[in-house]
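A look at the structure
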Amino acid sequence: MKISTDSRGEIIDLPPLPSTLNPFPEYDKLRGKGPVVRIRNPVGTEIYLITRWAEAVEALGHPHIAKGFEHLQYALKAQGRSGPGAGTPIGGTVAGNLLNTDPPDHTRLRSLVILAFTPRRLEQLRASVEQLVDSLIDRMRTGAEADLIADFAYPIGITTICMMLGVPEEDRLHFRQQAESVMTPGHPDQEKSLALLQTYIAKLIDAKREALVEGASPDEQTDLLSALIAARDSSNALTTDELRSMSYLLLIAGHETTVGLIGNALLHLMLNPDQRQLLVDDPSLIKNAIEETLRYDGSVPYTTFRATSADVTIGGTEIPHGSFVQIVLPALNRDPERFDDPNRFDIRRQIRQHMAFGHGVHFCLGSHLARLEAQTAVGRLVQAFPKAELNCKPEDVPWLGTVIRGARSLPVRLNEP
Ligand code: HEM
């Protein structure tokens, strides 16, 4: 870390945080530097990083630490730059969805999506997720080795979100390829894939709208996109652009995150065989095991990008209007002020709250779905292959880039009992 000073005080030139098995010492170093740390990231953007639990709660509830596109643009201009580049592929480049609006727009949009995200719809998915998980496990039984991402976590994440939204089966491969390049920082096809995905979503919405006009009620169709289209058309409650943008957000936010979580849980259970044995002996520990994975190694490191819409003070640090603020979720979840022995993976830990799904008005809308998928997938896999082990050194597990924290592949020997 190179530290320099300017008129606003100290600034750290921060290289990309390592995508490795254990990047957490780097987070500890940042937390050790103070509750709010001013950094310059590798593309030259200046950001105030928040790495401690108490200040994060303050920041995530602060009315002047905003997510609105206009505030992010203002902050970018304040740094003499332009374009959407400082945002994230999930929220920063498309206007008018939950992740880049503030109340009151955010409140209106969220209340609509929540209406479509009913417990009933989730319950309807449960049986399909169980079936899918079992069929993938059966398929793996035919071999001695597998890749727990490609053969298990990924198909679960992508199929579930596509089922929920109503993406037809024949389109899923295309969707997956584009989503992958959108989510890979620096991917040469990132812009092209973003455009392709947006066109695809617009067409999908048109097709679903036609089906609705032809008489199928959204309830009969049971998919979330149809429910949103019905909300759009019956009460003019959201604009067509908002509908497209929201659908895009749900598709993107709803799959890689869960894949990452399933992979991280399986990896840490394999690396901690005593913990895995506890789960094998007492399957009811699965809920706790997933919460502990979310705390210990959740799959969203950096989505919480924001900008100040006025001068604010957090943890004694003044942050001027028009500054970028980023809350580093993995650092909060290992804050020793909040968690005893935070670097220990302990599936019996009693966790009152963690930050893996964020906090405040933007708290993850898909948390119930993510939990349903992860509990089903990890619980059943551990019972089916209680002795599976990594087929490479833990430090050789390849990790995705910085948008999602998750293994790119998890080669294992299944060691079927
Ligand atoms: C928001 C994490 C799964 C949809 C968020 C945020 C986090 C997060 C940290 C807050 C971002 C911020 O404050 O800036 C995760 C993790 C997941 C997961 C760790 C899986 C393990 C899902 C799924 C869906 C989803 C499955 C959809 C089906 C959303 C949406 C928002 C959101 C729509 C925006 C909510 C708002 O701004 O009001 N998620 N997520 N997420 N997530 Fe998730």
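Just so we're clear, the structure is a prediction, and the values are computed from it rather than from any experiment. (Residues numbered from 1 in each chain as written. Predicted model: local features only at pLDDT ≥ 70, side-chain atom pairs only at ≥ 80, totals over all residues. Heavy atoms only, no water.)

A few words now on the sheet that holds strand β7 (residues 305-308). With respect to topology, seven strands assemble into an open sheet ordered β1-β2-β3-β4-β10-β7-β5, the strand pairing being mixed. Of all strands in the sheet, those bounded by a partner on one side alone are β1 (2-6) and β5 (65-66). Relative to strand β10 (residues 324-327), β7 is paired through three bridges, and the arrangement is antiparallel. Within the sheet, the bridge partner assigned to Phe-305 lies in β10 and is Gln-326. (Pairing = 2+ DSSP bridges. Helix = DSSP H or I, 4+ residues; strand = E, 2+ residues; numbered from the N terminus.)

This brings us to the side chain of His-255. Tracing the backbone through its elements, the reader meets His-255 in the loop between α11 (240-253) and α12 (256-271). One polar contact links His-255 to Tyr-154, side chain to side chain, over a distance of 3.1 Å. Residue contacts for His-255: discarding those within four places in its chain leaves Tyr-154, Gly-157, Ile-158, Ile-161, Phe-175 and Ala-179. (Polar contact = N/O pair within 3.5 Å; in protein donor to acceptor, adjacent residues only side chain to side chain. Contact = heavy atoms within 4.5 Å.)

Let us now look at the environment of Ala-56. Mapped onto the secondary structure, Ala-56 falls in helix α2 (residues 53-60). On the basis of relative accessibility, which here comes to 0%, the residue Ala-56 falls in the buried class. C-alpha of Ala-56 to C-alpha of Gly-315: the two residues are 259 residues apart in sequence and 9.3 Å apart in space. When near neighbours in sequence (up to four residues on either side) are disregarded, Ala-56 contacts Ile-50, Ile-327 and Leu-332. (Buried < 20%, exposed > 50% of the residue type's maximum accessible area, 1.4 Å probe, protein only.)

A word on the layout of surface pockets. One number sums up the size of the second largest pocket: a volume of about 320 Å³. As for the second largest pocket, its lining consists of 22 residues, and the residues nearest its centre are Tyr-154, Glu-180, Glu-256, Leu-400 and Arg-408. Secondary structure elements with two or more residues in the lining of the second largest pocket: α6 (149-165), α7 (172-182) and α12. Taken together, the residues of the lining of the second largest pocket break down into ten nonpolar, eight polar and four charged. (1 Å grid on protein atoms, 1.4 Å probe; cavity = no way out; pocket = protein on both sides within 12 Å on 5 of 7 lines; lining within 4 Å. Points joined across faces, edges and corners; volume = space filled by probe spheres on them. Nonpolar A, V, L, I, M, F, W, Y, C, P; charged D, E, K, R; others polar.)

On to the packing of α6 against α7. Here α6 crosses α7 at 110°, and the two axes come no closer than 11 Å. Considering the angle they form, α6 stands roughly perpendicular to α7. The two elements α6 and α7 meet at a crossing, and its hand is right-handed. Contacts between α6 and α7 involve Tyr-154, Ile-158, Thr-159, Cys-162 and Met-163 on the former and, on the latter, Arg-172, Phe-175, Arg-176 and Glu-180. Broken down by class, the residue content of the contact of α6 with α7 amounts to five nonpolar, one polar and three charged. (Axes fitted to C-alpha atoms, helices over the stretch in contact; angles between N-to-C directions. Parallel < 35°, antiparallel > 145°, perpendicular 65-115°, else oblique. Left-handed = near helix turned anticlockwise from the far one by under 90°.)

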